[in-house]
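Examining the three-dimensional arrangement
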Amino acid sequence: MLQFRRIVFSVASALALAAPVYAGKLAIVIDDFGYRPQTENQVLAMPSAISVAVLPNAPHAREMATKAHNSGHQVLIHLPMAPISKQPLEKDTLRPDMSSDEIDRIIRDAYNKVPYAVGLNNHMGSAMTSSLYGMLKVMQSLERYNLYFLDSMTIGNSQAMRAAQGTGVKVIKRKVFLDDTQNEADIRVQFNRAVQLARRNGSAIAIGHPHPSTVRVLQQMLPTLPSDITLVRPSDLLNEPQSDTSTPNLSQPAKTSAPRNPFRGVKSCKPKQPPEPVYATRFFTVIGESIGESTLVKYVQQQWQGWGKKS
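For the structure given in this document, a descriptive report is provided here. (Residues numbered from 1 in each chain as written. Predicted model: local features only at pLDDT ≥ 70, side-chain atom pairs only at ≥ 80, totals over all residues. Heavy atoms only, no water.)

1. Some thoughts on the overall build of the protein
Counting its regular elements, the protein contains 11 helices and nine strands. Burial analysis of the protein (311 residues in total) assigns 48% to the buried set. Once local pairs closer than 6 in sequence are excluded, the contacts in the protein between residues at least 24 apart make up 78%. (Helix = DSSP H or I, 4+ residues; strand = E, 2+ residues; numbered from the N terminus. Buried < 20%, exposed > 50% of the residue type's maximum accessible area, 1.4 Å probe, protein only. Contact = heavy atoms within 4.5 Å.)

2. Description of the pattern of salt bridges
Under the defined criterion, the tally for this structure stands at 10 salt bridges. The partner of aspartate 104 in a salt bridge is arginine 108, with the nearest N and O atoms 3.2 Å apart. Taken together, the positions of aspartate 104 and arginine 108, both in helix α4 (residues 100–113) and four residues apart, correspond to about one turn of that helix. Looking at arginine 108, the relative accessible area reads 37%, which means it is partly exposed. Because the salt bridges share partners, they merge into one network encompassing Asp92, Glu102 and Arg105. (Salt bridge = Lys/Arg side-chain N within 4 Å of Asp/Glu carboxyl O.)

3. Structural notes on the packing of aromatic side chains
This model, assessed by the stated rule, comprises one aromatic pair. Aromatic pair tyrosine 111 and tyrosine 145: ring centres 5.2 Å apart, planes at 40 degrees, arrangement tilted. Taken together, the residues tyrosine 111 in helix α4 and tyrosine 145 in the loop between α6 (132–144) and β5 (148–151) connect sequence positions 34 residues apart. (Phe/Tyr/Trp six-rings, centres within 6.5 Å; stacked < 30°, edge-to-face > 60°.)

4. A look at α4
For α4, with 14 residues, the first-to-last C-alpha span of 20 Å sits near the 20 Å given by 1.5 Å per residue. Every buried residue of α4 is accounted for by Ile103, Asp104, Ile106, Ile107 and Ala110. Across the axial projection of α4, the buried residues extend over an arc of 160 degrees, all falling on one side. Buried positions along α4 lie against β3 (75–81), α5 (126–129) and α6. (Expected span 1.5 Å × (residues − 1). Arc of directions from axis to C-beta.)

5. Here we look at the packing of helix α2 (residues 37–44) against helix α9 (residues 212–221)
The relative placement of two packed helices comes down to the angle between their axes together with the axis-to-axis distance. Contact pair α2 / α9: the axes reach a minimum separation of 10 Å and the direction vectors enclose 15 degrees. Relative to α9, α2 is oriented roughly parallel. When the axes of α2 and α9 are compared, the crossing they make is left-handed. Here Thr39, Gln42 and Val43 of α2 come into contact with α9, specifically with Pro212, Val215 and Gln219. (Axes fitted to C-alpha atoms, helices over the stretch in contact; angles between N-to-C directions. Parallel < 35°, antiparallel > 145°, perpendicular 65-115°, else oblique. Left-handed = near helix turned anticlockwise from the far one by under 90°.)

Quick look at the structure:
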């Protein structure tokens, strides 16, 4: 038995050196599609695992959603939701005080304007996603359209996962914003942070925007992605373990009037609170499982058992 253990250890060491172990899955979503076709076309030239989220009322929404789908990219609806801060809002921004019928009308309209969408994520939305009553209405509507929800996590106490309980809607969560600033050095730091989180926690979702600086960084860094990280679509992570660290927000939404100011442009979905910590356990679990399931280790074990019978 001791000799067998030595053989397995030697084989495991050889495997670790000879081939990469895919310890992390990284999903990248580029928000705010539909306003800048020239820059967005550069995103569509990237690997098809890069996904795009399209603003339904953007002037080029249908065009860019169709081009993204035809290029093999996954399409999401990037739906405006009310923030806590006071600022001009886009048409059909979801607010917690809206009725279920009004929320369903907006989501139905967005679904019709963004062809091929399989999921939905929030544009801004710290006020909406932190409202349990508001998100319950959103989840009921999403279930009708068989859409998953990617929580952009613009606020730490998002109620999205809590609201989805008991529905068929699956919720996944953003871990990193790539471009809180448009400085290329900062974006590289955030990209590397996303890689480290994917490696340590098994998976991570990073969200960026079609800024020229973000596009340049992705063009530079995607070809040199570490061998133990694989690019995936957000839907590939729907069955990954998700933790809900929110506390119930049962306050009734205050009545608010529709915004007076027209929408003047696209702002990034910046977080109001930092994301929850991750833990360095998943990496070692994946290595152990990969080694244990490898063909070479199983072959050595079979040969050892055969030798034992002969002796």
